[in-house]
Amino acid sequence: MKTQEELRRDFPLLQRRVYGRQLVYLDNAATTQLPGRVMDAMCGHMRKSNANVHRGAYCLSEESTRLLEQAREKVCGYLGAHGAGEIVFTGGTTDSVNMVARGLEPGLTEGDEIVVSSLEHHSNFVPWQQLAARRGCAFRVVPCPDGEFDMRAFEAVLGETTKVVAVASVSNLTGSVLPIAEITRKAHEKGAVVVVDGAQAVRHRPGDIRESGCDFYCFSAHKMCGCSGIGVLYGKRARMETLSPTAFGGGMVKTVTPHNTTMEELPYRLEAGTPNFIGASALGAAVDYLKETGADEIARIERALTAQLWERLGAVDGVRILGSPEKREGIVSFVVKGVHSYDIAALLDKQGVAVRSGTHCAQVALRELGAQHAVRASVAFYNTEEEIDILCRALEKSIRMLKSYGGGL
Amino acid sequence: MTIKEQETQLIDDFADLGDEMLQYEYLLNLSCGLDILAEGERNEANQVEGCQSGVWMELSKENGRLHMRAYSDSLIVRGILAMIGLLLENRRPGEIANHRFRFLQETFLKDQLSAERSGGIRSVLDKILRFCK
């Protein structure tokens, strides 16, 4: 097992200095850093095997195709899916959710119900809201008071007309872990399809799909040490078969005539156009890296760091942490009385600490938690306790400075 | 002193500080000099569109010279508004309308403000220029 120092050396960017200080990167909920070997995999593919996939009868194309399909198999194994037909490469979580929403649309009619939680990222909220509006469906939002999914409220809205339940595994705002296994079980009793946003969970909860039995699972590679521009839509085979393609063109058709077109088998009929084969190579290498590091070890480190983050931030004078969920992973968002989140994040940046400020694409959740904006710190397994201490010292200094000039709000 | 000369002095003051934290501190210090728009006047009519942190600004003319009162939820943005106020307060609209602002590109703000926030500050400047024309 690697030491933390050895682990960090795997990530070239973590050695960076900003404004003359060591970078403390705590915005992993936005994107994670790439291990050198993931970058090597991308460069290797580009240097030696760059060719379009599934189309050429020559060496480079076959190599490129092999790398893409190997990555698909790796993702399949990582998630515990049953076959490559259940793994579709997309542009990311948002693309995946929209693909499901559009794909399920023909089967929805007026009076059907779509249920989401108030903690959802906009990418797992707005597509369903808009779909409901287009089809005349009811759109129900389950409250999550203080960042905890209200199971009783969910049971109250769940009914025979509920067709889709869309929830995050882990909230990108509060880090709350939603009980997706129980949600799925209850939703399935009513015959509803369950779509899980796994963006914040996939890095340290690869067992989500097996344990929950959800129908669809969406995530982005760049939140699990892969690169941006590629993600995955997992779907149970039977459910995937019911998804109508939402993009048409090359790669997803079998035969095309002026009068008729037949579609390819899964997963290809949901992958129109040239896939991001370089990104897929990166994702495959990221899966290898995470497996070698160990899912349990990653989860252990991230849970310990999250607990420390929560405890240390909560001790800073003036800080109000958003949400008090029973289980929290990876993320802590907070507000400071009398100080704007942007001001805090800007001053932290000058001290080498990278966090995010704003609404975090979670305006509904923020409002429910009584805030208009927040600062979010999010850890990954390559962060350290020392970095959390640096964050908190820099935060205290920033708050003192801002309050000495009147605070702001 | 012309607006251009005063702006050059402001740009030089920031540059002389060097360290980014000191520059921010200077900006926060400037924020204390902003003529604050009272809470009751932070309404839709005074709100500047396109600003992420909430900016309200009221412009008026007195004896042919500009007066500005403003507010933002963010202290850093208040500092920027204060800089603008410093450059423009009591100046003739004609002089302001002919000025091309440089401080966004020539101070540390160039690398600090996101595209959206820079756009918000430009909305503030555009509103002032429209008022002065």
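Residues numbered from 1 in each chain as written. Chains lettered and ligands numbered in written order. Predicted model: local features only at pLDDT ≥ 70, side-chain atom pairs only at ≥ 80, totals over all residues. Heavy atoms only, no water.

### Points about the confidence of the model for chain B
Residues and elements named next belong to chain B.
At step 1: Counting all residues, the mean pLDDT for chain B is 91, and 100% of those residues have values of 70 or more.
At step 2: Mean pLDDT across the elements of chain B ranges from a minimum in helix H6 (residues 109-112), with 84, to a maximum in strand S2 (residues 65-72), with 95.
At step 3: Taken over the whole predicted complex, pTM reads 0.95, whereas the ipTM for its chain interfaces reads 0.91. (pLDDT = per-residue confidence, 0-100. Helix = DSSP H or I, 4+ residues; strand = E, 2+ residues; numbered from the N terminus.)

### Focus on empty space enclosed by the protein
At step 1: Counting across every chain of the model gives two cavities of 30 Å³ or more.
At step 2: If you trace the largest cavity, you find it lined by Cys51(B), Gln52(B), Ser53(B), Val55(B), Val77(B), Ile80(B), Leu113(B), Arg117(B), Gly120(B) and Ile121(B).
At step 3: Ranked by residues supplied to the lining of the largest cavity, first place goes to helix H7 (residues 115-132) of chain B with three residues.
At step 4: In the lining of the second largest cavity, the residues fall into three nonpolar, five polar and two charged.
At step 5: Looking at the lining of the second largest cavity, you find at least three residues from each of domain 1 (4-30 + 294-403) and domain 2 (39-291) of chain A. (1 Å grid on protein atoms, 1.4 Å probe; cavity = no way out; pocket = protein on both sides within 12 Å on 5 of 7 lines; lining within 4 Å. Points joined across faces, edges and corners; volume = space filled by probe spheres on them. Nonpolar A, V, L, I, M, F, W, Y, C, P; charged D, E, K, R; others polar. Domains from an automatic or database assignment.)

### Let's talk about the pairing of strand S5 (residues 113-117) of chain A
Along a regular strand, successive side chains alternate from one face of the sheet to the other.
All names here are of chain A.
At step 1: Among the five residues in S5, five count as buried, and that is most of the element.
At step 2: A two-sided burial pattern is seen for S5, the buried positions comprising Glu113, Val115 and Ser117 on one face and Ile114 and Val116 on the other.
At step 3: Relative to strand S6 (residues 138-142), S5 runs parallel, the two being bridged by five bridges. What sits directly across from Val115, in S6, is Arg140. (Buried < 20%, exposed > 50% of the residue type's maximum accessible area, 1.4 Å probe, protein only. Pairing = 2+ DSSP bridges.)

### What about helix H11 (residues 295-314) of chain A?
Note that an α-helix has 3.6 residues per turn; residues three or four places apart therefore point the same way.
All names here are of chain A.
At step 1: With 20 residues, H11 extends 28 Å from end C-alpha to end C-alpha; this agrees with the ideal 28 Å at 1.5 Å per step.
At step 2: Every buried residue of H11 is accounted for by Glu297, Ile298, Ala299, Ile301, Glu302, Leu305, Thr306, Gln308, Leu309 and Leu313.
At step 3: On its buried face, H11 sits against helix H1 (4-9), helix H10 (277-293), strand S13 (319-321), strand S14 (331-336), strand S17 (374-378) and helix H14 (385-404). (Expected span 1.5 Å × (residues − 1). Contact = heavy atoms within 4.5 Å.)

### Observations concerning the sheet that holds strand S10 (residues 231-235) of chain A
All names here are of chain A.
At step 1: Pairing within the open sheet is mixed, and its seven strands lie in the order S4-S10-S9-S8-S7-S5-S6. The open sheet is flanked by strand S4 (87-90) and S6, the only strands paired with a single partner. Taking each pair of neighbouring strands and ignoring which way they run, the sheet shows an average axis angle of 20 degrees.
At step 2: Against the sheet, helix H4 (residues 93-104) makes contact with S4, strand S7 (162-168), strand S8 (193-197), strand S9 (216-220) and S10, and its axis sits at roughly 150 degrees relative to S9, the strand it touches most. (Axes fitted to C-alpha atoms, helices over the stretch in contact; angles between N-to-C directions.)

### Some thoughts on the packing of aromatic side chains
At step 1: Applying the stated criterion across every chain yields a total of 13 aromatic pairs over all chains.
At step 2: Between the aromatic rings of Phe11(A) and Tyr289(A), the centroid separation amounts to 5.6 Å while the plane-to-plane angle is 90 degrees, which identifies the pairing as edge-to-face. Within this pair, whereas Phe11(A) is found in the loop between H1 and strand S1 (17-18), its partner Tyr289(A) is found in helix H10, the two being separated by 278 residues in sequence. Here Phe11(A) matches Tyr289(A) in class, with each residue buried.
At step 3: By the ring-pair criterion, three or more aromatic residues cluster together here, those being Phe11(A), Tyr289(A), Phe381(A) and Tyr382(A).
At step 4: Of note, Lys61(B) hangs over the ring of Phe131(B), and the distance from its end group to the ring centre comes to 5.1 Å. (Phe/Tyr/Trp six-rings, centres within 6.5 Å; stacked < 30°, edge-to-face > 60°. Lys NZ or Arg CZ within 6 Å of the ring centre and 35° of its normal.)

### Details of the pattern of salt bridges
Once the charged atoms of two side chains with opposite charge are near each other, the side chains can pair.
Residue and element names in this part refer to chain A.
At step 1: Considering all chains together, one arrives at 33 salt bridges over all chains under this definition.
At step 2: Across the pair Lys236 and Asp215 runs a salt bridge whose closest N-O atoms are separated by 3.7 Å. Taken together, the residues span a long stretch of sequence, with Lys236 in the loop between S10 and helix H9 (237-242) and Asp215 in the loop between helix H8 (208-212) and S9 at a distance of 21 residues.
At step 3: Taking relative accessible area as the criterion, Asp215 reaches 2% and is therefore assigned buried.
At step 4: In this structure, Arg303 engages Glu329 in a salt bridge whose closest nitrogen and oxygen atoms are separated by 3.0 Å. Linking Arg303 in helix H11 with Glu329 in the loop between S13 and S14, this pair joins segments that are 26 residues apart in sequence.
At step 5: By relative accessible area, which is 42% here, Arg303 ends up partly exposed.
At step 6: Salt bridges linked by common partners bring Arg205, Asp208, Arg303 and Glu329 together as one network. (Salt bridge = Lys/Arg side-chain N within 4 Å of Asp/Glu carboxyl O.)

### Quick notes on the sheet that holds S17(A)
Residues and elements named next belong to chain A.
At step 1: If you walk across this open sheet you meet the four strands as S13-S14-S17-S16, and the pairing is antiparallel. Of all the strands in the sheet, just S13 and strand S16 (356-358) have a single pairing partner and so form its edges. The sheet shows a mean angle of 30 degrees between the axes of neighbouring strands, taken without regard to direction.
At step 2: Note that S16 and S17 share three bridges and pair antiparallel. Looking across to S17, one finds that Arg356 is bridged to Arg376.

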